[in-house]
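Examining the three-dimensional arrangement
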Amino acid sequence: MTGTQAKQKVTYATTDPAVLEAIDRAFEEALPRVRAGLGGSLPMYINGAERRAAAEFEDRSPIDTGLVLGRFPKGTKEDVADAVAAAAAAYPAWSGRPYGERIAILRRAAENFRDRKYDIGALLTLEAGKTRAEALGEVEEAADLIDAYCDQLAEAGGFERPMASFDPRERNRDVMRPFGPWAVVAPFNFPVALATGMTAGVLVAGNTAVFKPASATPYSGHEVYRCFADAGLPAGVLNFVTGGGAEVGDALTGDPRIAGVVFTGSKEVGQRLFRDFANGPYARPCITEMGGKNPTIVTRNADLGKAVEGVARSAFGFGGQKCSACSRVYVERPVYDEFLERLVERTRGLKIGDPAERDTFVGPVIDEGAQARFAEAAERAKREGTVRAGGETLREGAFARGHFVAPTIVDGLPLDHPFFKEELFLPFLAVAPVDSLDEALREANATEYGLTAGIFTEDRGEIDQFFDRIEAGVVYANRSGGATTGAWPGAQSFTGWKASGSSGKGGLGPYYVQQFLREQSRTIVVGDEGEAEREAVEAAGEIAPSPPALDGRQGALAETVARSPCGWEQELADIEARHGHYSLRLVWDPDDRIYVVTVPELPGCRTHGGPAVEARHQGAGGDPAAGDGAACRRGPATQWHRHRFSIEMLEAGGSLDEPGGPGGAAGAGGGDAERRPGRPLSGSGRRRMALRSRSGSDRDHVLHQVGGQPRDRRPHR
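About the criteria used
- Residues numbered from 1 in each chain as written.
- Predicted model: local features only at pLDDT ≥ 70, side-chain atom pairs only at ≥ 80, totals over all residues.
- Heavy atoms only, no water.
- Helix = DSSP H or I, 4+ residues; strand = E, 2+ residues; numbered from the N terminus.
- Buried < 20%, exposed > 50% of the residue type's maximum accessible area, 1.4 Å probe, protein only.
- Polar contact = N/O pair within 3.5 Å; in protein donor to acceptor, adjacent residues only side chain to side chain.
- Contact = heavy atoms within 4.5 Å.
- Axes fitted to C-alpha atoms, helices over the stretch in contact; angles between N-to-C directions.
- Parallel < 35°, antiparallel > 145°, perpendicular 65-115°, else oblique.
- Left-handed = near helix turned anticlockwise from the far one by under 90°.
- Pairing = 2+ DSSP bridges.
- Salt bridge = Lys/Arg side-chain N within 4 Å of Asp/Glu carboxyl O.
- Nonpolar A, V, L, I, M, F, W, Y, C, P; charged D, E, K, R; others polar.
- pLDDT = per-residue confidence, 0-100.
- Core = buried A, V, L, I, M, F, W, Y, C linked by side-chain atoms within 4.5 Å.

Within the secondary structure, T242 sits in the loop between strand 9 (238–240) and helix 9 (245–253). The exposure class of T242 is buried, given its relative accessible area of 1%. A polar contact of 2.7 Å, which involves the side chain of T242, links it to the backbone oxygen of P73.

For S324, the position within the fold is in the loop between helix 11 (304–316) and strand 13 (326–332). The exposure class of S324 is buried, given its relative accessible area of 6%. Among all residues touching S324, those that are not within four sequence positions of it are N294, S314, L451, T452, T484, T485 and F494.

Running from N to C, helix 4 (residues 99–115) and helix 6 (residues 132–155) point in directions that differ by 165°, and their axes come no closer than 8 Å. In terms of orientation, helix 4 lies roughly antiparallel with respect to helix 6. Between helix 4 and helix 6 the crossing geometry is left-handed. Counted together, Y99, R102, I103, L106, R107, A109, A110, F113 and R114 of helix 4 and V139, E140, A142, A143, D144, I146, D147, C150, D151, L153 and A154 of helix 6 form the full contact between these two elements.

Next up on the list: the sheet that holds strand 20 (residues 452–456). Taken in spatial order, the seven strands make up an open sheet running 14-17-18-13-12-20-21, and their pairing is mixed. The sheet is open, and its two borders are formed by strand 14 (386–389) and strand 21 (474–477), each paired with just one other strand. Strand after strand, the sheet turns through a mean of 20° between neighbouring axes, direction not considered. Both strand 12 (residues 294–298) and strand 13 contribute to a ladder of five bridges, which runs parallel. Within strand 13, the position partnered with I297 by the bridge is Y330. Lying on the sheet, helix 12 (residues 333–348) is in contact with strand 12, strand 13, strand 14, strand 17 (408–411) and strand 18 (428–434); it crosses strand 13 at an angle near 145°. Across the sheet, helix 13 (residues 368–384) lies against strand 14, strand 17 and strand 18, angled at about 30° from strand 18, the strand it touches most.

For the structure on display, the rule yields 45 salt bridges. The salt bridge partner of E384 is R380, with a shortest N-O separation of 3.1 Å. With a gap of four residues between them, E384 and R380 both fall in helix 13, about one helical turn apart. Accessibility expressed as a relative area gives 27% for R380, which makes it partly exposed. Among the charged side chains, a network of salt bridges with common partners joins R107, E111, R114, K117, E140, D144, D147 and D151.

Take the packing of helix 6 against helix 7 (residues 193–204) next. The geometry of helix 6 relative to helix 7 is characterised by a closest axis approach of 8 Å and an angle of 20° between their N-to-C directions. Looking at the two axes, helix 6 sits roughly parallel to helix 7. As helix 6 packs across helix 7, the resulting crossing turns out to be right-handed. Residue-level inspection shows E138, E141, A142, L145, I146, Y149, C150 and L153 of helix 6 in contact with helix 7, the latter providing A193, T196, G197, A200, G201 and V204. Across the contact of helix 6 with helix 7, the residue classes tally to nine nonpolar, three polar and two charged.

Right, let's talk about the confidence of the model for the chain for a bit. Taken as a whole, the chain shows an average pLDDT of 79; of its residues, 72% reach a score of 70 or greater. In the model, residues 592–717 has pLDDT below 50 throughout and makes 349 contacts with residues more than four positions away in sequence or in other chains.

Listed in full, the buried residues belonging to helix 9 are V248, G249, A251, L252 and T253. Tucked into the core, helix 9 has its buried residues touching helix 3 (77–96), strand 7 (181–185), strand 8 (208–212), strand 10 (260–264) and helix 10 (267–278).

We now examine the nonpolar core. Of all hydrophobic cores here, the largest spans 97 residues; its most connected members are F113, I146, L203, F228, V262, F419 and F428. In terms of residues, this core owes the most to one element, helix 6, which gives ten residues. Setting aside residues up to four positions removed in sequence, F419 forms contacts with K293, S327, A377, R380, A381, V410, L413, L424, F428 and A430. Within the second largest apolar cluster, 26 residues are counted, among which are A307, F316, Y336 and I409.

In structure tokens form, the structure reads like this:
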């Protein structure tokens, strides 16, 4: 696989032939590599260490049940208790880290998903039965989910903001703080994307987690854990346990130390979880996404070509095993017969088979239980309606060793039939004629679910009416790529109404991360004497904010971005660490709401006007040229300049209190990092800090780094 192939972006809607060809080649290279590593015993991970169990269960492929993908521990209540304890112990240090540092670690996890997407995609095909397009799109979505949630936190400044005050002595701020350890319970149908999105939301907000994958897809869950862990998460921040819902899942969500639960799965399990979790010692957040019974409306003004393609893709992609899948269609009578005829023809042309093959559209359902549920629904459809396509459970020939069924369309049912109300989670579509858009909307809303919905019409007024009246969180008009499916991070929020969700705020969207945080109002009353901020209030008639806490309280690399008037071009190597020539001083400027660092004149830097903020030189014997040529060469030795900068946490690169090592002393508190405005940042070379000045071009130059080699680095975004 070439580097270009590895980095090629893959979405559910990728259609460019050249891109598809490159994707196919890379997938086909990965598949035998993944197959060769199957069949072994894999562990759980608790507090960063592997954990085995006395008993294991087999993970078998729905394509061929004779293929054992791996063996996983049957976790116990004791394993769950240990995992929750590890998450609780890791919480203070992780939540205390600057949010920028958490973001940096999670962005590395996103890159891990991108780098490994073909191998993980091949595994998804074998374990969940997804076609290569669905599998690769899911891994890409997982990476984009992480970046989207990191962006939310960064753009909101960590969800901290100054507030108004009616007393000039008060300084008020509103902050959002994490809860503690969370349980992350993932489904089988998107075992990578949904598990990753939920976990990323929990972690980036500063919480810790215990992650339980679905028992049908533990291998995919294992790879999700590894992508996060390999990004440098400290031990205990994310823990991974496997096993059945009754033994492991209930023990996890029932543990009183769990501060919140995020769950995706069936309505029955989700509602029971919601009720049980509410019976704890106090109200705690329980975020659930619980499926749907998603309608599509086709009016007499529709482009039937778009409608047929959109419904077929949405109803039968991944065998209808998406909570967003279209499972019922209401068609206005004037176009009903033509639409149904064309849909039946399109459905019969869909290839059913091994999803690892290029041209397969419909793979297997997940397990024997789903296959049996399909057989029961098909028999009922034959008795109570008319099966227009499909209806067969496929057990012969190439299908004999897997869980295969035929995509099915049924009509001739009354509008109040259970097939229009109850979620089946199968490639099973009920279609009915209606007399008007009004009737279609009434029927579309006549269900307890409210996840996704679609309409096909070329009449903009009908689209507006649909958007205004439909009771669903994700709605589409004229989407031939998927009538009710295909949401993407940053493009479509994925929000369940009614029985489809508990919070009213969806994944993939701009309000997701806030759900993992709780609000805190902070007020400080300042004294009357010697308060620069008080003077600023009196002079400007407004509240001067308190200086923000410096990033790096619990360690890792603090990088400062300096906006200098000098246009520095040179790099100065390890001045403070090796030569002891210069002292830096950091001062908070309440007027400009920014820190000011005072530094001595640097090589090639012209002297600028203005008062010297600090006049002190620590060169040997007062000689500015001493020390391996790293000192000032222009201007007076004691001339200092003011340079303004903001602080941005980047990736872990050692502690502010201890030397070196990714992550540093993550749990170390205070020390030199808990610094007050006006105290110098000089001293021990163990701290790692870099100053960067913008030179007037679009390029940033690293100028000064304490600890380690200086580097020239563009911002991540």
